[in-house]
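Coordinate analysis (summary)
One-letter residues, chain by chain:
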Amino acid sequence: MSRLSKLSYQKLKLHEVEGDRMLLEKQVLHNRLRCLFIDSNERDKVYVSLHIGSGYGDRIIAKNGDMDWVGSGTTNILLNIRKNQMKAKRPDLNFQSIITMDTATLFVEVPVLEVEEITEIMLASLQWEDIEEEASKRAFLENLDHVSFRAMMEIQAYAFPNRLFSVSLIEQDLEEVQFEDVLTLQQAFFHPDNSVLVICGDMNKIKVKDKIEKQQMPYEKPKFPAKHVYKRAAGLVDQEINQQANTSYFIGSLAFRSERIGFSLEEEHVFLQIIGEVIFKKDFQVEVNQDHASIIYQTSPKTRYKQALLATIWSKNKFEQAKAKVYERYRYVKDNDAGMYSFIYGQFAVKDLDLSQLLLEEEILGFDRFREYIDCVQNTMAETKIHYSNGG
């Protein structure tokens, strides 16, 4: 009996969400594959992306009664295998792969008439089981020689304080990984239950919606439960680290928490953007998920930003001005960069963070709620600063 004949089939179901951009969400009843359709002003281009809830960090996977350890770099290997397989089918398209601590994304820009073919390739990748050697891991190791890339990787060990993660573990994993581990990761994470498909373009021209709605998608319940490996003690502490590099470089992070608190992820994401707008002003990025919240920054090495934040006298006027700038940036991306908007939407969605809800909360999020958040995290936040220099 073939593998597909053993699979259960579920029908994709359509749900329409009102808004100034039409957003259609299709959800498989049992395997929960979400397919998001975003209407944009693009007339000739469509952006297709597949987002999987698997990123960096070591994982423990329960397999056949045993607990298998799958290393930090395995997602990098698997995603590049899948990207190269897609390129083999369509070498004329520029498939991109992007990995964060919590997400793995395949993204491509296509002509309107080719959306159906590319969508089928994307969805089929969730069912592919063939794993082959690939050379892209060497490119990752070579990138670590560039201080800016290495710094962004190394700061994540402190921005995500409760995850077992380090660049040295990734390097070891990329050199020593067994491809049985890559297959195990595929079976544990790369499946519809853990994925979001996003298609963004002119919905009047894209005809793939009806086909996907009627499609009987094969699905088999994931064989192996998988979880991140967490540190036994994930206390947040201030620290300054000096590293040797060929070029002087600086990076830092403010970690606000290492466990869930009583604020929605949408609220917290906006609040950290507001803090970034006031404290850093530029060169920062916000990371929010169920088990962590942090700001990674690349600004002055002299400033103690945790102290600056704690010393900031917040007023309603300062809060409202910063909030207005934050939402202005969101609206600009939404109205002027369909590719980036759809990419952010998918990355948020796979982490159960609703970008449409976040945009709707502009009038609701008030100064008093923001003050509650500051009071909640001010005693737990920690700052890490890493300085790279020739002197070490």
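Please read these numbers as outputs of a predicted model, since none were measured by experiment.

Parameters and conventions
Residue numbering note: each chain is counted from 1, following its sequence as written. Where local features are concerned, this predicted model is filtered to residues with pLDDT of at least 70; where side-chain atom pairs are given and counted, the filter is 80 or more; whole-chain, interface and lining totals use all residues. The side-chain figures draw on all heavy atoms in the structure; neither hydrogens nor water molecules are used. Helix numbers and strand numbers start at the N terminus; a helix is a DSSP run of H or I with at least 4 residues, a strand a run of E with at least 2. Between the first and last residue of a helix there are one fewer steps than residues, each counted as 1.5 Å, and that sum is the expected span. Throughout, exposure labels follow a simple rule: accessible area from a 1.4 Å probe, protein chains only, divided by the maximum for the residue type, with under 20% read as buried, over 50% as exposed, and the rest as partly exposed. Whenever a carboxyl oxygen of Asp or Glu lies within 4 Å of a side-chain nitrogen of Lys or Arg, that contact is scored as a salt bridge. Values of pLDDT, which run from 0 to 100, indicate the predictor's confidence residue by residue. Contacts were defined at the residue level, with two residues in contact if any of their heavy atoms lie within 4.5 Å. Angles run from 0 to 180 degrees between N-to-C directions of axes, and those axes are lines fitted to C-alpha atoms, restricted for helices to the stretch in contact. Oblique is the label for any angle not under 35 degrees, not over 145, and not in the 65 to 115 range, which are roughly parallel, roughly antiparallel and roughly perpendicular in turn. Three classes are used: nonpolar for Ala, Val, Leu, Ile, Met, Phe, Trp, Tyr, Cys and Pro, charged for Asp, Glu, Lys and Arg, and polar for all others, with Gly counted as polar. Here, nonpolar core means buried Ala, Val, Leu, Ile, Met, Phe, Trp, Tyr and Cys residues that are tied together by side-chain atoms lying within 4.5 Å of each other. For two strands to count as paired, DSSP must find a minimum of two bridges between them. Note on definitions: the grid is 1 Å and covers protein atoms alone; a cavity is a set of points where a 1.4 Å probe fits but cannot get out; a pocket is an open set with protein on both sides within 12 Å along at least five of seven lines; lining residues have an atom within 4 Å of a point. Grid points are joined across faces, edges and corners, and a volume is the space filled by probe spheres set on the points.

Quick look at helix 12 (residues 338-350)
- In a regular helix each residue adds 1.5 Å, so 13 residues correspond to 18 Å; helix 12 covers 18 Å between its end C-alpha atoms and thus fits that length.
- In terms of burial, helix 12 is largely enclosed, as 11 of its 13 residues are buried.
- Looking at helix 12, one finds that the buried residues are Ala 338, Gly 339, Tyr 341, Ser 342, Phe 343, Tyr 345, Gly 346, Gln 347, Phe 348, Ala 349 and Val 350.
- Of the residues one or two after helix 12, Asp 352 is the one with positive phi, at around 60°.

Describing the pattern of salt bridges
- What the rule picks out here adds up to 17 salt bridges.
- Its salt-bridge partner being Lys 306, residue Asp 238 comes within 3.0 Å of it at the nearest N-O pair. Taken together, the positions of Asp 238 in the loop between strand 11 (226-228) and strand 12 (239-244) and Lys 306 in helix 10 (residues 305-311) put the pair 68 residues apart, joining distant regions of the chain.
- Look at Asp 238 and you get partly exposed, because its relative accessible area is 45%.
- The salt bridge partner of Glu 362 is Arg 331, with a shortest N-O separation of 2.7 Å. With Glu 362 in the loop between helix 13 (355-360) and helix 14 (367-377) and Arg 331 in helix 11 (residues 316-336), this pair connects stretches of sequence that are 31 residues apart.
- Assessed through its relative accessible area of 37%, Arg 331 is described here as partly exposed.
- One continuous salt-bridge network, built from bridges that share partners, spans Arg 90, Asp 92, Glu 114 and Glu 117.

Let's talk about the confidence of the model for the protein chain
- In this model, the protein chain carries an average pLDDT of 81, and 82% of its residues clear a pLDDT of 70 or more.
- Considering only residues more than four positions removed or in separate chains, one finds that residues 1-31, a stretch of pLDDT under 50, has 85 contacts.

Describing the packing of helix 9 (residues 265-279) against helix 14
- Relative to each other, helix 9 and helix 14 sit at 85°, their axes nearing to 11 Å. The orientation of helix 9 relative to helix 14 falls into the category roughly perpendicular. For the pair helix 9 and helix 14, the contacting residues are Glu 267, Glu 268, Phe 271, Leu 272, Ile 274 and Ile 275 in the first and Arg 369, Phe 370, Tyr 373 and Ile 374 in the second.
- Looking at side-chain class alone, the contact of helix 9 with helix 14 contains 7 nonpolar, no polar and 3 charged residues.

Things to note about the nonpolar core
- Counting residues in hydrophobic clusters, the biggest one holds 65 residues, and the most contacted among them are Val 48, Ile 118, Met 122, Leu 197, Ile 199 and Ile 251.
- Once residues lying within four places of it in the same chain are set aside, the contact partners of Val 48 are Leu 106, Phe 107, Val 108, Val 110, Ile 118, Thr 119, Met 122, Leu 197, Val 198 and Ile 199.
- Within the second largest apolar cluster, 53 residues are counted, among which are Cys 200, Ile 275, Val 288 and Tyr 341.

Things to note about the sheet that holds strand 15 (residues 292-297)
- Strand order in the open sheet formed by 5 strands is 12-16-13-15-14, and the pairing between neighbours is mixed. Every other strand in the sheet has two partners, leaving strand 12 and strand 14 (284-289) as the edge strands with one partner each. The mean inter-strand angle of the sheet, taken between neighbouring strand axes irrespective of direction, is 15°.
- In the sheet, strand 13 (residues 249-257) pairs with strand 16 (residues 382-389) via 7 bridges, with the strands oriented antiparallel. Looking at strand 16, one finds that Ile 251 is bridged to Ile 386.
- Contacts from helix 9 reach strand 13, strand 14 and strand 15, with the element oriented near 160° to strand 14.

Section: the layout of surface pockets
- In this structure, the largest pocket spans a volume of roughly 1,100 Å³.
- Together, 40 residues line the largest pocket, and Thr 100, Gln 285, Glu 287, Phe 343 and Gln 347 are the ones closest to its centre.
- For the lining of the largest pocket, the element with the highest residue contribution is helix 12, accounting for 6 residues.

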